[in-house]
Amino acid sequence: MDRREFLKSCAAVGAGGGVVLSNRGMKLNIGAKPNVVLVMTDDQGYFDLACHGNPDIHTPNIDKLFSESVRLTDFHVSPTCSPTRAALMTGRYNNRTGVWHTIMGRSLIRKDEVTMADVFADSDYRTGFFGKWHLGDNYPFRPQDRGFDYVVMHGGGGVGQGPDYWGNTYFDDMYFRNGVEERFAGYCTDIWFDEGMKFIERNKDRPFFCYIPTNAPHGPLNVAEKYSQPYVDKGVSSNQAKFYGMITNIDENMGLLMTQLEQLGLEKNTILVWMTDNGSSAGYKVINRGGKGSQYDGGHRVPCFVRWPGADMVGGRDVTKLTAHIDLLPTFIELCNLKNPAGVAFDGASIAQLLRGDESGWGDRTLVVDSQRIENPEKWRKSAVMTDRWRLVDQFELYDMENDIGQENDVAGEPANAAIVAQLQQSYNDWWDSISERFDEYCEIIIGSDEQNPTRLMSHDWHEEALHSQSGVASGSERNGFWAVEIDRAGTYEFELCRWPVEVNAPITAAIPDGTAIAADTARLKIANIDVNKPVTASDVGITFQVQLSPQKTTLQTWFTDSQSGQSRGAYYVYARRV
């Protein structure tokens, strides 16, 4: 029996009631610095859990965690992936950090931001990352550049996207261990949890921060049939059955994780947080209006369970006050007695007192979420201004959440609410003035640094018109944009322009299986004040330019063009190297 099967058997016995695992006779690692395990799933909404009333889904382990946790019932994130991750990691509004999209170079946290991992590391915690980062695949934006000691991850915003290893399918894929490609056996979610649990075991005798953000149940909806078929048998549609199956697999892994913490004697001295990154993309729609990407509560109200058995944090109860992802880092600083990062002004607040059951002095607060998903943010775009009771949506719609949690009745026009609308509009104006000060800046990918040389650029991070999918690359999409880059130091640089990533090793114009041939007879590179071109032949896998560059911030753009057909597109992959 391997380690995973052993943990499964322990979890199954405990859940079945035959034997209850205990810490009797084991060393309980309870100290002044609690461990923190943060698990965040992808595209799973508030009601994609049995404990939240979904009649179809099976989530016994997360349901158990629910019963043991303090539940934040009015907890909000950003409506999409990268923005939530940026706000979570910094304790600051995502727009303030440079992140308001999931692609287009707008999913990269500014290099001067301090992350949650930085804060833990500065207080002598070991920090591990396992799963979906979606805040940059190049220096200085990778998790290993942002405070994490140990990293196992896929590329881009999802397994099988353009920045990820070509052909990954969720099963037996090539991922990145501390920046180095490695073939892993098994299903992606199992791998993230397995690697996370190995990290916990290696560091059981010292404080650690383990962050496991899964890519599931984000599409593509790939999961073993043993997880999806039970839902098909219940009459659930095929895609929703796969979505639920992916969540059931996550639930199974949560059971293994909780079993491990108990077996290692770490349960009482570990803060375990389980949450999701935005509203549901394919799940159970009830009560809240909207889903992933929406400015209505269904887009950003998500579950968040916090368990710390060894502290004065009694589980099995709800906190109904308005809370958010930006609160978690300040909360961890207080609970774990971490050093406050110098010069950082958090937008969030510590909710430690709420977790301990103390609401004294906790007044009403105002928070803002929005869903920009464009190159340059627009004021009031898909926005919600929130208090405990009210939601001001898109500047002019007002909803009374005490009496209309489904946000069906706009009461902005009622005379009695005019002052409330005006007050929330002013709160938004103040917020916008504060977070928009650096909107004209880019987050430049650094080329030529010793931290990453060579650097692989992918069209996922093109500004103006990005291409993030492997299917778009295969079809030869005629898109183009530019990368914002910073040249690290003076020297000779090589830029190899490719249509396909190196692991495919196919000619620029060729069609691979499920791909489309393209026409191209000229390659062009434009960077800083340099604009050069070379011919392309049918056998060319890449076209290499060598240029002299000085240290600077600039833009890089490429073209593959065909003089006969007029076709033109960017080089989806560029390999940049300081010689």
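Refer to the structure printed above.
Description of the structure in this document.

Scoring rules and cut-offs
Residues numbered from 1 in each chain as written. Predicted model: local features only at pLDDT ≥ 70, side-chain atom pairs only at ≥ 80, totals over all residues. Heavy atoms only, no water. Buried < 20%, exposed > 50% of the residue type's maximum accessible area, 1.4 Å probe, protein only. Helix = DSSP H or I, 4+ residues; strand = E, 2+ residues; numbered from the N terminus. Disulfide = S-S within 2.5 Å. Pairing = 2+ DSSP bridges. Axes fitted to C-alpha atoms, helices over the stretch in contact; angles between N-to-C directions. Polar contact = N/O pair within 3.5 Å; in protein donor to acceptor, adjacent residues only side chain to side chain. Phe/Tyr/Trp six-rings, centres within 6.5 Å; stacked < 30°, edge-to-face > 60°. Lys NZ or Arg CZ within 6 Å of the ring centre and 35° of its normal. Contact = heavy atoms within 4.5 Å.

Regarding helix α9 (residues 328-335)
Each α-helix turn comprises 3.6 residues. Residues three or four places apart therefore point the same way.
1) Next: In terms of residue burial, α9 counts as a mostly covered element, since seven of its eight residues are buried.
2) Next: Regarding α9, the residues found buried are Leu328, Leu329, Pro330, Thr331, Phe332, Ile333 and Leu335.
3) Next: With its phi angle positive at about 55 degrees, Asn337 sits one or two positions after the end of α9.

Topic: the state of the cysteines
1) Next: Counted by the stated rule, this structure contains zero disulfides.
2) Next: Looking at the unpaired Cys81, the closest cysteine sulfur is the one in Cys188, lying at 14 Å.
3) Next: Judged by its relative accessible area of 2%, Cys81 is buried.
4) Next: Sulfur of Cys443: no disulfide; nearest cysteine sulfur belongs to Cys81 and is 18 Å away.
5) Next: Note on Cys443: relative accessible area 6%, which makes it buried.

Considerations on the sheet that holds strand β16 (residues 397-400)
1) Next: The four strands lie next to each other as β13-β14-β15-β16, forming an open sheet whose pairing is antiparallel. Of all strands in the sheet, those bounded by a partner on one side alone are β13 (367-370) and β16. Adjacent strand axes in the sheet meet at a mean angle of 20 degrees when their direction is disregarded.
2) Next: Relative to β16, strand β15 (residues 390-393) is paired through four bridges, and the arrangement is antiparallel. The residue bridging Val393 from the neighbouring strand is Glu397, located in β16.

Some details on the side chain of Arg365
1) Next: You can see Arg365 is positioned in the loop between α10 (352-355) and β13.
2) Next: Classification of Arg365 as buried rests on a relative accessible area of 14%.
3) Next: A polar contact of 3.1 Å, which involves the side chain of Arg365, links it to the backbone oxygen of Leu322.

Here we look at the packing of aromatic side chains
1) Next: Taken as a whole and judged by the stated rule, the model has 34 aromatic pairs.
2) Next: Plain terms: the ring middles of Tyr170 and Tyr187 are 6.2 Å apart, the flat faces sit at 45 degrees to each other, and that makes the pair tilted. Residue Tyr170 is located in the loop between β5 (150-153) and β6 (174-177), and its partner Tyr187 is located in the loop between β7 (180-183) and α5 (188-202); the two are separated by 17 residues in the primary sequence.
3) Next: A residue is classified by how much of its surface remains accessible, and Tyr170, at 0% relative accessible area, is buried.
4) Next: A residue is classified by how much of its surface remains accessible, and Tyr187, at 5% relative accessible area, is buried.
5) Next: Taken together through their ring pairs, the aromatic side chains of Phe120, Tyr125, Phe129, Trp133, Phe148, Phe209, Tyr211 and Phe332 make up a single cluster.
6) Next: Note that Arg71 overlies the ring of Phe66, its terminal NZ or CZ placed 4.0 Å from the centroid.
7) Next: Of note, Arg289 hangs over the ring of Tyr296, and the distance from its end group to the ring centre comes to 3.7 Å.

Thoughts on the sheet that holds β7
1) Next: Ordered in space as β7-β6-β5-β4-β8-β1-β9-β10-β2-β11, the 10 strands form an open sheet in which the pairing is mixed. Looking along the sheet, the strands with just one partner apiece sit at the ends: β7 and β11 (317-319). When the angles between neighbouring strand axes are averaged without regard to direction, this sheet yields 15 degrees.
2) Next: Where strand β2 (residues 70-72) lies against β11, three bridges are found, and the strand directions are parallel. Within the sheet, the bridge partner assigned to Arg71 lies in β11 and is Asp318.
3) Next: Packed onto the sheet, helix α2 (residues 60-68) meets β2, β9 (270-276) and β10 (304-307) and runs at close to 65 degrees relative to β10.

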